[in-house]
Every structure is written in structure tokens, then in C-alpha cells.
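Examination of the molecular architecture
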Amino acid sequence: MSLRIYNTLTRAVEDFVPLVPGEAGMYVCGMTIYDLCHVGHARMMMAFDVVYRWLQASGYRVTYVRNITDIDDKIIKRAVERGMSIRALTDEMIAAMREDIGALGIATPTIEPRATEYVPQMISLIERLEGKGLAYRADNGDVNYAVRKFPGYGKLSGKSLDDLRAGERVEVDRGKHDPLDFVLWKAAKEDEPQDAKFPGAPYSLGRPGWHIECSAMSCATLGESFDIHGGGMDLQFPHHENEIAQSEGAGLPFARYWLHNGFLNVDDEKMSKSLGNFFTIREVLQRYDGETLRFFMLRTHYRRPFNFSDAHIEDARQALRRLYTALDAVRAELPPAIDWSQGHAAAFKAAMDEDFNTPQALAVLFELAAEVNRSASPAAAGLLKALGACLGILQGVPRDYLQGGAAVDAAWIEERIAARAAAKAARDFVQADAIRAELIHRGVTLKDGPEGTSWVAN
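Presented here is a report on the structure given in the accompanying data block. (Residues numbered from 1 in each chain as written. Predicted model: local features only at pLDDT ≥ 70, side-chain atom pairs only at ≥ 80, totals over all residues. Heavy atoms only, no water.)

Quick notes on empty space enclosed by the protein
Per the stated rule, a full pass over the model turns up 3 cavities of 30 Å³ or more. In this model, the largest cavity occupies a volume close to 100 Å³. Lining of the largest cavity is provided by Arg43, Met46, Ala47, Val50, Val51, Met297, Leu298, Thr300, His301, Tyr302, Phe356 and Thr358. Those elements that place two or more of their residues in the lining of the largest cavity are helix 1 (39-57) and helix 8 (290-298). Per-element accounting of the lining of the largest cavity gives the leading share, 5 residues, to helix 1. Looking at the lining of the largest cavity residue by residue, the class counts come to 8 nonpolar, 3 polar and 1 charged. (1 Å grid on protein atoms, 1.4 Å probe; cavity = no way out; pocket = protein on both sides within 12 Å on 5 of 7 lines; lining within 4 Å. Points joined across faces, edges and corners; volume = space filled by probe spheres on them. Helix = DSSP H or I, 4+ residues; strand = E, 2+ residues; numbered from the N terminus. Nonpolar A, V, L, I, M, F, W, Y, C, P; charged D, E, K, R; others polar.)

Next comes the structure, spelled out in C-alpha cells:
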């Protein structure tokens, strides 16, 4: 069975046929980097981390590009508020992003371009559009895209021009010929900081619009046509629609498969600061470890809405503990290579090959864990660990995970275990049972075995 993915552009699940056999190029719209990343950002980056990992596991040589927008109105405003340079702010936030998503096991992309490093390529693309009559210079110095002159506009969102409205980050009162037109190059304002102004010849001093960044960076890093373009569903319109208009309007074949992950909700409501249900990744990591959060997200298919709640993440933590419990009981023997034609590996592959169906793939892992528990097979445990690696889970030391999150200090727990052993040796079983009950009350479960007593956190 070959890999099949849902293409937003065609609204159908299609066989994945890359431009170059054995290779895959993927561009994902990354962060506008002015603040800490929130769990919605984690959801997006997790979704495409899974795509990246599965393409690699399927034998493709993957070039994964995830950009960073490091010049933008919000970035400028935040830098001014904090009294620092734009570069200092964005460097700080990029470092924070990498630390936070690293805790979730999100892999580093092959290329992570910053928008400010590709301004010449953006200007070149704008000139190309102007030469084709699709871009025009406004009286205020901006350069805008003439949406109605591009006949294919709306094909990604499935809306007609008359249905569409000017999207987020598009201002309708700055010399546009049509409200749907969007800015390609923003003329600098006098009161803006100097480091927000870029040479734009043949245009005015200024900075690129949001949409032109990704058209230019994807072309520069992957070529005029590439396999997969991804991002959150909220980017489908206007951002991705505008990217298509820019790139195809300039005569570039552009992306062949479009993937979009579903929205994030918190307790069945849209996450927003006004509702008080807004959480950064860093805030969540203060309560839960990164692998638990990762596993939690894997339980929902990437295209479906993802509902974040404490109850759901706690349930995910207990489920992941069941997998680690199986690995804790048996010394895993990793296979030299996974035989994808057999048994659980074949079922796992079938799930992932059907549009990256991680919930079904996890179901296979639980079936395999049950086999490990029944058979105590090192080979089955090794396969469980190897398949988990395809999803970025189960690579830690099982006992470390099972002891993680204990409400009391590990040294104290070991002291109580020693005290219990002494009580048992003295045949004071009442005291030994009292110590066990005390530990259970503190969220610690003891396991007696031939090699002594071990413990896990509940």
C-alpha cells in the first residue's frame, strides 16, 4: 500500500507521488516570532513533525522547510514596547520556541529560513508580478497584488471572489484598487524604528508583506515546484490562497499537495485570551512532561479539531504509562530493520499510509503492548519501541517515565522503601503495610520482585 494524503486543493485523498522518486520536499508556514508559542502552535508543529517522520520512515529523503517570520507589525510593536531591537527580540523568541518545542520532541527542520534573510528574493518576485500586470504601486508607496486579475483565485478555499473579504493583516484603506487586494511591499512609516526598514529598490524603503515571504522562501529553498505545503487550517485563507496567487501568477508551478491541520479548542471552546483559556507551551510543560503532551496530540488525527483539557491530557498520561509499563517489564531487543510486511508493523504502516492516521497507529501499539505483556518477548518489545520511534514516543528509559511526576522526592521514597524492608525483615508486617499505604497515599506504587522493590508514580 502506498502513502495516501488528503489534498486540500482537490478535497480528496490522493496517492502521494513525489516530483523526484525517493525524495520529498515539504514547506510549512512557521511562527511569527514575537512572543512565546502557545499550544495551538504546538499542535501545528506536531502535525507536520509526524508527516516529516513518517516520510523519512517510508524511505524518502526529505527536505523539510519551516520558516520564521521575523519582521511584522506585531514584532515591531513588541520590540518598541520592550525597548529593544527587532533582532534581539526575535532571537530571544526563537530560542524560547526551540526550547519549548524541543521538549515535545519536535525535530529540527532541514532548513529554517528567516524572512529577513530573503528580502532580495521577495523583491525579485514582486518585480516579476508587476511585469505581468498582477502588482501595482499605490500612491502611499506600497505595492499591492491585484487579486481579480488572477483567474484562479479562491480555488484553495473553494470560495468565489464575491464571497471573499479582505483577510487578516490586510488593510483596505491604503490605496488599494479593490478591498481584496493585498500588500506585497509596505512602505516604511517615519515613526517606525530604523531596523524595520529595508532597502526595496526599485520600490520605497520598507518591508515585505506577510504573504510574499512564503512564496519567495519556498521557491528559494525547494525550487519553483515542490511536493507538500502545510500549515494550520486558519492559514488556508487568506495566506495560502494568496501564496498561490503570487507564485502561480508569477508563472511558478508551486506546491502539489496542500495539508492543513485542524483547529485547537480548549474545553470545547476556541482558545483565546479573552476567554481566559489561553496557554503557552511553557505553561503546560510546568504541569505535564513533553512526551505526555506529544502523545496526547497523537491521539487526534491531524485534520480533526483538537480539544485540549486537563481531563483529556491526564487520560493520555495514563495511556502512555501503559505502553511504558510493558517496556519496563521486558528488555527490548530492537530489530535491525522493521519488516513492514508482517503483523503489527504492517498494520501500523497501513494506518500511517492512510493520511497519517496516528489514532489507528496508536491502537496498533496498544495491541503490541498487550502481546509484550502476555509473552514477555524481547523481540515484541523491541518492535514496540521501534514503531514508537516513528511517532517520536517511547524512546525514554521506561522506569524514568514511570517515576516521573511523583509528588514527593525520590530520595524520600527510597528511604521509605528501605524502612519497609527493615520492617519486613523484623517481621513487623503491620509497619511494612503502613509504609506501603503511606506511599500509595503520596501517589507512589511499590512493585516487589526477585531483584527487590521498585516504585512508580501513580
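Structural notes on the packing of helix 2 (residues 73-82) against helix 3 (residues 86-103)
Running from N to C, helix 2 and helix 3 cross one another at 105 degrees; their axes reach a closest spacing of 9 Å. As summarised for this structure, helix 2 and helix 3 are arranged roughly perpendicular, according to the angle between their axes. The residues of helix 3 that touch helix 2, namely those facing Ile75, Ile76, Arg78, Ala79 and Arg82, are Ile86, Leu89, Thr90, Glu92 and Met93. Each residue belonging to the contact of helix 2 with helix 3 can be placed in one class, and the counts come to 6 nonpolar, 1 polar and 3 charged. (Axes fitted to C-alpha atoms, helices over the stretch in contact; angles between N-to-C directions. Parallel < 35°, antiparallel > 145°, perpendicular 65-115°, else oblique. Contact = heavy atoms within 4.5 Å.)

Observations regarding the pairing of strand 4 (residues 61-69)
Counting buried positions along strand 4 gives 7 out of 9 residues, so the element sits mostly inside the fold. Note that strand 3 (residues 23-32) and strand 4 share 8 bridges and pair parallel. Across the sheet, the residue bridging to Thr32 is Thr69, located in strand 4. For the crossover from strand 3 across helix 1 to strand 4, the handedness is right-handed. (Buried < 20%, exposed > 50% of the residue type's maximum accessible area, 1.4 Å probe, protein only. Pairing = 2+ DSSP bridges. Right-handed = clockwise from strand over helix to strand, strands pointing away.)

Remarks on the nonpolar core
Judged by nonpolar contacts, the single largest core of 128 residues is most densely connected at Phe308, Phe348 and Leu365. Here this core takes 12 residues from helix 1, the largest share from any one element. Leave out the neighbours within four places in its chain, and Phe308 touches Val39, Leu264, Asn265, Val266, Asp267, Phe279, Val284, Leu293, Phe296 and Ile313. In this structure, Ile435, Leu439, Leu446 and Trp455 belong to the second largest nonpolar core, which totals 8 residues. (Core = buried A, V, L, I, M, F, W, Y, C linked by side-chain atoms within 4.5 Å.)

Observations regarding the sheet that holds strand 8 (residues 206-208)
Sheet architecture is open: 4 strands sit in the order 5-6-7-8, paired in antiparallel fashion. Where the open sheet ends on each side, the last strands, each with one partner, are strand 5 (135-137) and strand 8. Strand after strand, the sheet turns through a mean of 20 degrees between neighbouring axes, direction not considered. One ladder, built from 3 bridges, connects strand 7 (residues 182-187) with strand 8; its direction is antiparallel. Note on strand 8: the bridge partner recorded for Lys186 is Arg207.

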